[in-house]
Amino acid sequence: MKGIWYNLKKVKFALKSLNRKEFACTTSKVQQLRETLASIQAQMRTTTTPTDMFDTEKITKQQLEKCSKIEESIYKQRSRVQWLKLGDSNTAFFFASMKVRAAQNQIKLLTADDGRLIKTPEGIEQEVVGFYRGLLGRSTNSIPAINPSIMRKGPGITRSQQLQLISLFTKEDMVQALQGI
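Quick caveat, the model's predicted, so the values are computed rather than measured.

Rules behind the numbers
Residues numbered from 1 in each chain as written. Predicted model: local features only at pLDDT ≥ 70, side-chain atom pairs only at ≥ 80, totals over all residues. Heavy atoms only, no water. Patch = residues over 30% accessible without salt bridge, like charges linked within 9 Å, V, L, I, M, F, W, Y side chains within 5 Å. Areas by Shrake-Rupley, 256 points an atom, 1.4 Å probe, with all protein chains shown as cover. Salt bridge = Lys/Arg side-chain N within 4 Å of Asp/Glu carboxyl O. Helix = DSSP H or I, 4+ residues; strand = E, 2+ residues; numbered from the N terminus. Buried < 20%, exposed > 50% of the residue type's maximum accessible area, 1.4 Å probe, protein only. Lys, Arg positive; Asp, Glu negative; His and termini not counted. Charge placed at Lys NZ, Arg CZ, Asp CG, Glu CD.

As for a nonpolar patch on the surface
At step 1: Residues V128, F131, Y132, L135 and L136 make up a contiguous nonpolar surface patch of roughly 530 Å² in combined accessible area.
At step 2: Position of L135 relative to the elements: it lies in helix α5 (residues 121–136).
At step 3: Classification of L135 as exposed rests on a relative accessible area of 56%.

Topic: the environment of R152
At step 1: Locating R152 in the fold gives a position in helix α6 (residues 148–153).
At step 2: Counting along the chain gives 13 residues from R152 to S139, while the straight-line C-alpha distance between them is 30 Å.

Some thoughts on a positive patch on the surface
At step 1: Residues K9, K12, K16 and R20 make up a contiguous surface patch of positive charge.
At step 2: Structurally, K16 can be placed in helix α1 (residues 2–23).
At step 3: For K16, a relative accessible area of 46% gives the class partly exposed.

Shown next, in the form of structure tokens:
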């Protein structure tokens, strides 16, 4: 048991140092990455944009997205810790906040497409289900397949056209496409 305790202490120390090294100053990293991305995009607005700028922008965007998610996760964890410290001790504040949250998470009134107001939970449920049924369509027991004989009668493409469709994009192709926009 003593060995497990020492190992847990070592892991705790390693995790704390990793946290300090990797996740310290995430807000400043996010701000710096945003400024870097803005400057790269400002440089890309010129008509003679080097192709490596696209790669740099992509990498910077990925880093910014990663750091933003880390920053958001840190803030969520901090808010939960604060809530555990301040709330959830069977106080009037805790129960009042739970009532407010429950009230916000309810749909009490819904306006249908034809303008009528729906107030009953059953009516709201039927309207929402009907809306998504219309949006997504009906279910079917069979999926119609493509008839190969009909497909062969239609126009086709040559072997060289087929190979051209599956060829890899080059950087020049991407630059031309982006400049054509």
